Amino acid sequence: MNKGLYLLSFTLGAGALLAQEVELTRRATPTGKGGDGKCTIEVDVDGVAEVEVSGDMGLLRTLEGQTAVWRRFECNGPLPRNPGEFRFRGIDGRGNVSLVRDPRGNRGLAVVRIEDPKGGREGYTFDLEWRGSSSGVWREGTVTDPIVRGGRASSPAAQAIRVCQEAVVTRIQREGYRFVNFESTAPDNNPGRDDWVLGSVIGRRGRDATRFLFSCSVDFRSGRVRSVDVRR
């Protein structure tokens, strides 16, 4: 009797675990191309997933099936909060891909839903395109910082800054802030502080936006971050 109850409890618990949503965030890689705004996104899906894009940050949420994974997230600029014109264009994939939230009426948040009807993973590619907006330039301190090219650190110092940013994102997302946009990231110029990186960042949780200040103690020779402090 007890064994049967244990197996039933284990089965229900495993089912609940599988039913939990899985979320993977990613910052866009800049393409360096001018002209109208455009992001190209490619993901692997086996089931149902949604892709959310806000600014230069993306979130891939698995709703059903195996965990969806990123393949590519490239943009020539951040998605603005209120684009003058906006277009979603599906490119590749065997299932249904649809825009479920338009950024023009959703504070700059675009949401695309992918429904893969067959077993096994399938690659899905789509574009987000916009024009007639003040999208501006990439925020300083994201992967588009001049010392970080193509989304990869070009030196130990750049790597230290990149790892600092990633640690900050992890800290803020633990508090439920789904999207994180960096305002600034720069080495501390004060005397005796040449091994510190400082900056500010905006975290968004639902309709709430909070500004954080952060500092990282870094080793610019090895690209390693010693400590991270994040405060509202």
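Now for a look at the structure at hand.

Rules of the game
- Residue indices begin from 1 for each chain and proceed along its sequence in written order.
- Side-chain atom pairs in this predicted model are given and counted only at pLDDT of 80 or more, local residue features only at pLDDT of at least 70, and totals for whole chains, interfaces and linings cover all residues.
- Side-chain measures were taken over the full set of non-hydrogen atoms in the model, leaving aside hydrogen atoms and water.
- Each helix corresponds to a stretch of at least 4 residues labelled H or I by DSSP, and each strand to a stretch of at least 2 residues labelled E; elements are numbered beginning at the N terminus.
- Note on exposure labels: buried denotes an accessible area under 20% of the residue type's maximum, exposed denotes more than 50%, and partly exposed covers the range between, all computed with a 1.4 Å probe on protein chains only.
- Contacts are assigned to residue pairs with any non-hydrogen atoms lying within 4.5 Å of each other.
- Only the protein chains shown count as cover for residues, with accessible areas throughout obtained via the Shrake-Rupley method and a probe of 1.4 Å.
- Whether two aromatic rings pair depends on their centres lying within 6.5 Å, for rings of Phe, Tyr and Trp, where Trp uses its six-membered ring; planes under 30 degrees apart make the pair stacked, over 60 edge-to-face, and the rest tilted.
- Counted as over-ring charges are cases with an Arg CZ or a Lys NZ within 6 Å of the ring centre that also lie within 35 degrees of the ring normal.
- Paired strands, in this sense, are two strands between which DSSP finds at least two bridges.
- Helix axes are fitted only over the stretch in contact, all axes being lines through C-alpha atoms; the angle between N-to-C directions runs from 0 to 180 degrees.

Along its length, the protein carries 2 helices and 14 strands. Taken over 232 residues, the protein has a buried fraction of 42%. Across the protein, contacts joining residues at least 24 apart in sequence account for 62% of those joining residues at least 6 apart. About 12600 Å² of surface is accessible on the protein, with carbon and sulfur atoms providing 47% of the total.

The next thing to look at is the packing of aromatic side chains. Enumeration according to the criterion identifies 3 aromatic pairs in this entry. On the basis of an interplanar angle of 50° and a centroid distance of 5.7 Å, the ring pair of Phe-88 and Phe-126 is categorised as tilted. Of the two residues, Phe-88 is situated in strand 5 (residues 85–92) and Phe-126 in strand 8 (residues 122–131); the sequence distance between them amounts to 38 residues. Ring centres 5.3 Å apart and planes at 85° place the aromatic pair Tyr-177 and Phe-212 in the edge-to-face group. Of this pair, Tyr-177 sits in the loop between helix 2 (156–174) and strand 11 (179–187) while Phe-212 sits in strand 13 (residues 208–219); the two residues are 35 residues apart in sequence, bridging distant segments of the chain. Since its relative accessible area comes to 2%, Tyr-177 is described here as buried. Directly above the ring of Tyr-177 sits Arg-205, whose terminal nitrogen or CZ lies 4.2 Å from the centroid.

Below, the discussion takes up the sheet that holds strand 11. Ordered in space as 11-12-13-14, the 4 strands form an open sheet in which the pairing is antiparallel. Strands at the two margins of the open sheet, each flanked by one partner only, are strand 11 and strand 14 (224–231). Averaged over all pairs of adjacent strands, the angle between their axes in this sheet comes to 25°, without regard to strand direction. Two strands pair when backbone bridges link them, and strand 13 and strand 14 are joined in this way by 7 bridges, in the antiparallel orientation. Within strand 14, the position partnered with Leu-213 by the bridge is Arg-231.

Okay, the side chain of Thr-62 next. With respect to the helices and strands, the residue Thr-62 is situated in strand 4 (residues 57–75). The buried category is assigned to Thr-62, whose relative accessible area is 4%.

On their own, these measurements won't tell you what the molecule is for.
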